[in-house]
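Chain residues, written in single-letter form:
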Amino acid sequence: MSWVAFAFLMTDVLINAAAQLLLKAGTNVLGIISLNRDNWGETLWRMATQGYFLTGVFFYGVSLVVWIMGLSRVPVSIAYPMLSLGYVINAVAAHYLLGEHVTLARWLGIGFIVLGVWIVART
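All values derive from a computational prediction rather than experimental measurement.

**Regarding the overall build of the protein chain**
Piece 1. When helices and strands are tallied, the protein chain shows six helices and zero strands.
Piece 2. Sequence-ordered secondary structure for the protein chain, helices as α and strands as β, is α-α-α-α-α-α.
Piece 3. Projecting the C-alpha coordinates of the protein chain onto the three principal axes gives extents of approximately 50 × 35 × 25 Å.
Piece 4. By residue count, 31% of the 123 residues in the protein chain fall in the buried class.
Piece 5. Expressed as a percentage of contacts within the protein chain between residues at least 6 apart in sequence, the contacts between residues at least 24 apart total 74%.
Piece 6. Looking at the protein chain as shown, the accessible area adds up to about 8100 Å², and 70% of this sits on carbon and sulfur atoms.
Piece 7. Each charge class in the protein chain can be summarised by its mean position, and for the 6 positive and 4 negative side chains these summaries are 10 Å apart.

**As for the packing of helix α5 (residues 85-98) against helix α6 (residues 104-122)**
Piece 1. Taken N-terminus to C-terminus, the directions of α5 and α6 make an angle of 145 degrees; their axes are 8 Å apart at the nearest point. The element α5 and its partner α6 pack so that their crossing is left-handed. Here Leu85, Tyr87, Val88, Ala91 and Val92 of α5 come into contact with α6, specifically with Trp107, Ile110, Ile113, Val114 and Val117.
Piece 2. Taken together, the residues of the contact of α5 with α6 sort by class into 10 nonpolar, no polar and no charged.

What counts, and where the lines are drawn
- Residues numbered from 1 in each chain as written.
- Predicted model: local features only at pLDDT ≥ 70, side-chain atom pairs only at ≥ 80, totals over all residues.
- Heavy atoms only, no water.
- Helix = DSSP H or I, 4+ residues; strand = E, 2+ residues; numbered from the N terminus.
- Buried < 20%, exposed > 50% of the residue type's maximum accessible area, 1.4 Å probe, protein only.
- Contact = heavy atoms within 4.5 Å.
- Areas by Shrake-Rupley, 256 points an atom, 1.4 Å probe, with all protein chains shown as cover.
- Lys, Arg positive; Asp, Glu negative; His and termini not counted.
- Charge placed at Lys NZ, Arg CZ, Asp CG, Glu CD.
- Axes fitted to C-alpha atoms, helices over the stretch in contact; angles between N-to-C directions.
- Left-handed = near helix turned anticlockwise from the far one by under 90°.
- Nonpolar A, V, L, I, M, F, W, Y, C, P; charged D, E, K, R; others polar.

Below is the structure:
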């Protein structure tokens with residue numbers, strides 16, 4: 001894998017992780033979100049006018065473009081597992097930015113994910 005392809009994939013992982021964190025921050029502001037026939041319009045409006053949601057959706061759009069650029073350079077069987085590194089980034093960021101507790105079992109699972117991505121990327 002070339003450094004350019006690796007840079008595209010890692011940039012995408014970071015942007016995608018940021019999008020997830022922004023969407024979670026939006027749910028922290030709005031609370032539990034449920035859609036039913038009586039509230040769907042109001043709920044979607046609240047989501048569409050919430051800053052974290054809007055920024056998160058924008059980041060997802062940018063992530064899609066960066067992902068396509070990386071995917072054009074690397075087989076999907078190598079590129080897609082690289083997205084799993086987002087688990088690590090999100091766990092660390094959620095702990096420090098959102099105050100979420102990450103248990104030892106979660107860290108162990110994340111470690112296995114990292115090991116698997118490393119094995120896939122080397123082939």
